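Coordinates in review
For reference, the chains in residue letters:
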Amino acid sequence: MNNYYDYAASTPVSDAVFKKMFPWLNESFANPSAAHVEGIKASDAIQEAREVIADEIGAMPSEIIFTSGASEANNLAIKGVAFQFLNEKCHIITSSIEHKCVLNTCDFLEKLGFEVTYIQPNRDGLISPNEVKKAIQENTKLISIHHVNNELGTIQPISEFGEIAIEHGILFHTDAAQSFCKLNIDVDDMDIDFLSLSGHKIYGPKGIGALYVRDARDSELVPLIHGGGQELGLRGGTSPTPLIIGLAAAVQYFPENTADSVEVFQDKLFQYSCVRNGGNEVLPTILNITFSSLEDVKKFKVDNEWLISQGSACNAMSNVASHVLSNIGLSEEEARLTYRISLPPFRLIID
Ligand SMILES: *Cc1c(COP(=O)(O)O)cnc(C)c1O
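Note that the coordinates shown come from a computational prediction; the quantities given were computed from them, not determined experimentally. All residue numbers here refer to positions counted from 1 along the written sequence of the relevant chain. With the structure being a predicted model, the display of local features is reserved for residues of pLDDT at least 70 and the display and counting of side-chain atom pairs for 80 or more, all residues being used for whole-chain, interface and lining totals. Note that the side-chain values use all heavy atoms of the structure and ignore hydrogens as well as water.

By definition, a disulfide links two cysteine residues through a covalent bond between their sulfur atoms. Our working definition of a disulfide is a cysteine sulfur pair at a distance within 2.5 Å. Applying the stated criterion across every chain yields a total of zero disulfides. C181 takes part in no disulfide bond, and the closest cysteine sulfur, belonging to C101, lies 18 Å away. Accessibility here uses a 1.4 Å probe with only protein chains present; expressed as a share of the type maximum, an area under 20% marks a residue as buried, one over 50% as exposed, and anything in between as partly exposed. Given the relative accessible area of 0%, C181 is considered buried.

Dropping the structure here:
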């Protein structure tokens with residue numbers, strides 16, 4: 001697929017990752033919870049994988065809880081905090097441009113009687129720390145704001161949200177599905193209590209992700225899947241060894257650079273009459289482009305038969321304009337002229 005430019009929706013499993021996963025699919029298949037030698041071999045390999053993932057974000061291995069992906073991790077963080085307050089309910093602060101799995105979780109919680117404030121972004125898709133601060137109430141227990149927006153590529157000032165949260169004794173969760181491995185993350189420096197990540201956005205397999213949980217052993221987080229005590233009792237279910245090994249390998253082999261030059265793409269795109277959305281603090285591999293007219297879109301599409309998204313993959317099923325684009329102030333007409341071109345991701349060195 002050399003015309004695929006939808007890497008923000010999903011990446012392929014790289015050859016190196018696939019090779020690492022393979023033996024755990026058939027040869028070494030024992031249940032990692034089993035007490036025999038093959039079980040221990042699998043559980044040791046999972047422990048090593050936990051260390052690799054923890055290292056990437058400055059966490060402890062015991063703070064990594066494997067899930068089926070970032071959607072489940074987001075659900076676990078948000079519901080897991082909210083469900084501690086099922087009786088008295090509580091207040092949650094998030095943004096109006098989160099991934100649908102966060103927005104729909106919050107919507108569900110509102111139906112149960114919880115209160116949610118959705119902070120609006122500015123025209124560039126940036127969430128203002130000041131707005132977050134102003135939204136704090138006496139019963140605010142959680143701030144949940146993503147790191148990098150999946151449609152715009154906008155990088156949010158998450159360490160500022162973390163600082164505000166810690167000052168007010170509130171927990172801070174960030175959905176880092178689009179930033180994990182691509183940007184430097186340190187959960188201590190950034191005052192992050194929960195962080196969601198996903199395998200298939202970093203050349204790992206689909207169906208695996210993790211939630212970083214600060215001091216997970218003593219966490220009050222309420223599990224969503226009760227099971228046999230796996231993942232410190234925070235997420236039941238037999239640990240999927242091949243997927244976990246694949247996730248760790250994806251971190252280890254995550255590229256410093258990719259073949260597609262971002263500059264070449266930008267130059268190519270700006271041959272058409274269009275503007276880029278998302279402001280200056282933006283991931284270079286996500287290009288959210290609004291064309292000036294339908295003619296420009298047609299010309300672009302004829303010239304480049306690329307597999308790209310209008311909005312995000314999750315919005316593509318419905319015919320309504322993406323909630324992200326409408327929230328940054330684009331009209332329906334402008335949203336229809338807007339496409340997301342996402343290039344193979346790589347590690348950005350920013351100091
Ligand atoms: C892809 C994505 C998710 C969902 O991740 P899954 O692992 O597919 O569940 C959540 N949030 C953001 C920002 C994403 O880009």
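Adjacent strands of a sheet form backbone hydrogen bonds with each other and so pair up, either parallel or antiparallel. Here, any two strands with at least 2 DSSP bridges between them count as paired. Each helix is a run of H or I in the DSSP string that is no shorter than four residues. Each strand is a run of E no shorter than two, and both are numbered from the N terminus. A sheet is described by the order of its strands in space; here seven strands give the open sequence β1-β7-β6-β5-β4-β2-β3, paired in mixed fashion. Each edge of the sheet is formed by a strand with only one pairing partner; in this case those strands are β1 (64-67) and β3 (115-119). Neighbour-to-neighbour, the strand axes of this sheet turn through a mean angle of 20°, independent of strand direction. In this structure, β1 lies alongside strand β7 (residues 209-213), joined through four bridges in antiparallel fashion. If you follow T67 over to β7, its bridge partner there is G209. A contact between two residues is defined here by any heavy atoms of the two lying within 4.5 Å. Whenever a helix is involved, its axis is fitted only over the stretch in contact; in every case the axis is a line through C-alpha atoms, and angles between N-to-C directions fall within 0 to 180 degrees. Across the sheet, helix α6 (residues 158-167) is in contact with β4 (140-144) and β5 (171-175); its angle to β5 comes to roughly 160°.

We now examine helix α7 (residues 241-252). Here, expected helix span is obtained from the residue count minus one, scaled by 1.5 Å. Along its 12 residues, α7 runs 17 Å from first to last C-alpha, staying within 8% of the 16 Å computed at 1.5 Å per residue. Buried residues dominate α7, accounting for 10 of its 12 residues. Buried within α7 we find T241, P242, I244, I245, G246, L247, A248, A249, A250 and V251. Where α7 is buried, its residues contact α1 (15-21), α2 (37-56), β1, β6 (194-198) and β7.

With that out of the way, let us pick up a nonpolar patch on the surface. Residues V13, F18, F22 and L25 make up a contiguous nonpolar surface patch of roughly 370 Å² in combined accessible area. Within the secondary structure layout, F18 lies in helix α1. For F18, a relative accessible area of 47% translates into the label partly exposed. Exposure above 30% relative accessible area and no salt bridge define the residues that can form patches, which grow by joining like charges within 9 Å and nonpolar side chains of Val, Leu, Ile, Met, Phe, Trp and Tyr within 5 Å. Surface accessibility follows the Shrake-Rupley procedure with a 1.4 Å probe radius. Residue values consider only the protein chains on display as shielding. The rule for a salt bridge is simple: a side-chain nitrogen of Lys or Arg has to be within 4 Å of a carboxyl oxygen of Asp or Glu.

Here we take up the domain arrangement of the protein chain. In this document the domain limits rely on a domain assignment from an automatic tool or a database. In terms of domains, the protein chain is made up of domain 1 (15-252) and domain 2 (259-342). A separation of 28 Å is found between the C-alpha centroids of domain 1 and domain 2. Summed over both partners, the interface of domain 1 with domain 2 buries about 1,800 Å², with 55% contributed by carbon and sulfur atoms. Two parts placed together each lose some accessible area under a 1.4 Å probe, and adding up what both lose gives the buried area. Three residues, R123, E151 and L152, lead the burial of domain 1 against domain 2; their summed loss comes to 41% of the area buried on that side. Between domain 1 and domain 2 we count zero salt bridges in total. We call two N or O atoms a polar contact when they sit within 3.5 Å, provided that within protein one can donate a hydrogen and the other can accept it, with sequence-adjacent residues counted only if both atoms are side-chain atoms. Linking domain 1 to domain 2 there are nine residue pairs in polar contact (both at pLDDT 80 or more). Looking at the side of domain 1 that touches domain 2, its residues break down into seven nonpolar, 10 polar and six charged. When residues are sorted by character, Ala, Val, Leu, Ile, Met, Phe, Trp, Tyr, Cys and Pro go into the nonpolar class, Asp, Glu, Lys and Arg into the charged class, and all the rest, Gly among them, into the polar class.

The side chains of a regular strand alternate between the sheet's two faces. Across the five residues of β5, four count as buried, placing the element largely inside the fold. With the strands pointing away from the viewer, any crossover whose connection runs clockwise from the first strand over the helix to the second is right-handed. You can see the chain leave β4, run along α6 and come back into β5, and the turn it takes is right-handed. Taken together, the three bridges between β5 and β6 define a ladder with parallel strand orientation. Bridged to T174 within β6 is L195.

Counting through the fold element by element, I53 comes out in helix α2. In this structure I53 comes out as buried when scored by relative accessible area, which is 0%. Spatially, the C-alpha atoms of I53 and W306 are 33 Å apart, while their sequence positions differ by 253 residues. Ignoring anything within four residues of it in the chain, the contact list for I53 reads I64, F66, F180, L197, L247, A248 and V251.

The next thing to look at is empty space enclosed by the protein. Detection works on a 1 Å grid of protein atoms alone, calling trapped sets that fit a 1.4 Å probe cavities and calling open sets with protein on both sides within 12 Å along at least five of seven lines pockets, with lining residues defined by an atom within 4 Å of a point. Grid points are joined across faces, edges and corners, and a volume is the space filled by probe spheres set on the points. Counted by the stated rule, this structure contains two cavities of 30 Å³ or more. Volume-wise, the largest cavity comes out at about 50 Å³. Forming the walls of the largest cavity are Y7, A8, Q178, K182, K201, L283, T285, I286, S342, L343 and P345. Across the lining of the largest cavity, the residue classes break down as six nonpolar, three polar and two charged. Both domains that furnish three or more residues to the lining of the largest cavity are identified here as domain 1 (15-252) and domain 2 (259-342).

We now examine the site of the ligand. The local shell around the ligand consists of G69, A70, S71, H99, N150, D175, A177, Q178, S198, H200 and K201. A70 places a polar main-chain atom, nitrogen or oxygen, 2.9 Å from an oxygen atom of the ligand. In the environment of the ligand, an oxygen atom lies 2.7 Å from a nitrogen or oxygen atom belonging to the side chain of K201. For the ligand, the accessible surface in isolation is 380 Å², of which the surrounding protein chains cover 87%. In the shell around the ligand, the residues fall into two nonpolar, seven polar and two charged. Here a residue is considered near a molecule or strand provided that any single heavy atom belonging to it is located within 4 Å of it.

Between α2 and α7, whose axes approach to 9 Å, the crossing angle comes to 35°. Remark: the crossing between α2 and α7 carries left-handed chirality. Seen from α2, the contacting residues are A42, A45, I46, A49, V52, I53 and E56; seen from α7, they are T241, I244, I245, L247, A248, V251 and Q252. Each residue belonging to the contact of α2 with α7 can be placed in one class, and the counts come to 11 nonpolar, two polar and one charged. For a crossing to be left-handed, the near helix must be turned anticlockwise from the far one by less than a right angle; the clockwise case is right-handed.

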